[in-house]
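One letter stands for each residue in the lines below.
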Amino acid sequence: MAFIAGALIVGGVIITHSDYSDYRDYSDHSNHSNHRQYGDAGMVSAINDKQNQVNRLASDVGRQSNALQTDFNARIRQLKDEKNYSSLSNAKPSNVVDAVKDDMRRELDSEIAREKAALAKIDQMIARIDELELNAERSG
């Protein structure tokens, strides 16, 4: 009987020990894996928030870039409708503005040269009229 009682006590201790051994990991505060897991969750959340912010900013930059490109293309079409400068078709996009300015400058210089030539002809005609009037007064 003492043997059976001793066996029951030993069996109860083993069963009790095995029941409590399953819960030992949950209450073991020296186990840092639980703390690391919770600490990492906060860090992962912060990283995800930053990644979402970066994605939103990248999307905003993409939309702004598309809007600028659309506006640029509309202005190029408008210039082509007004006057189709050769540089609008031939220049690299990064040089279009300078190339169009050069085309406009050459066009203006050409117009100024024509105007100067026309003024020179008018000056010659005025000088000739003055000469004819002087000759008419001397003769007359």
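The structure under discussion appears in the preceding block.
Source: prediction; values computed, not measured.

A.B. asks: Even after reading the chapter, I still don't get a nonpolar patch on the surface, so can you show me in this structure?
C.D. replies: On the surface, Leu119, Ile122, Met125 and Ile126 cluster together into a nonpolar patch covering about 390 Å² of accessible area. Locating Leu119 in the fold gives a position in helix 4 (residues 96-139).

A.B. asks: Would you mind showing me how to read the pattern of salt bridges here?
C.D. replies: Pairs may arise between side chains of opposite charge once their charged atoms sit close together. Counting across every chain of the model gives six salt bridges. A salt bridge links Arg63 to Asp60, with the shortest nitrogen-to-oxygen separation between them at 2.2 Å. Here Arg63 pairs with Asp60, and both are found in helix 2 (residues 32-82), just three residues apart, close to one helical turn. By relative accessible area, which is 31% here, Asp60 ends up partly exposed. Arg128 serves as the salt-bridge partner of Glu131, at 3.0 Å between the closest nitrogen and oxygen. Residue Glu131 and its partner Arg128 are located together in helix 4, separated by three residues, close to a single helical turn.

A.B. asks: Explain the environment of Lys101 to me, please; I cannot follow it from the model alone.
C.D. replies: Relative to the assigned elements, Lys101 resides in helix 4. You can call Lys101 partly exposed: its relative accessible area is 45%. Residues Lys101 and Tyr85, 16 residues apart in the sequence, show an inter-C-alpha distance of 9.8 Å.

Criteria and cut-off values
Residues numbered from 1 in each chain as written. Predicted model: local features only at pLDDT ≥ 70, side-chain atom pairs only at ≥ 80, totals over all residues. Heavy atoms only, no water. Patch = residues over 30% accessible without salt bridge, like charges linked within 9 Å, V, L, I, M, F, W, Y side chains within 5 Å. Areas by Shrake-Rupley, 256 points an atom, 1.4 Å probe, with all protein chains shown as cover. Salt bridge = Lys/Arg side-chain N within 4 Å of Asp/Glu carboxyl O. Helix = DSSP H or I, 4+ residues; strand = E, 2+ residues; numbered from the N terminus. Buried < 20%, exposed > 50% of the residue type's maximum accessible area, 1.4 Å probe, protein only.

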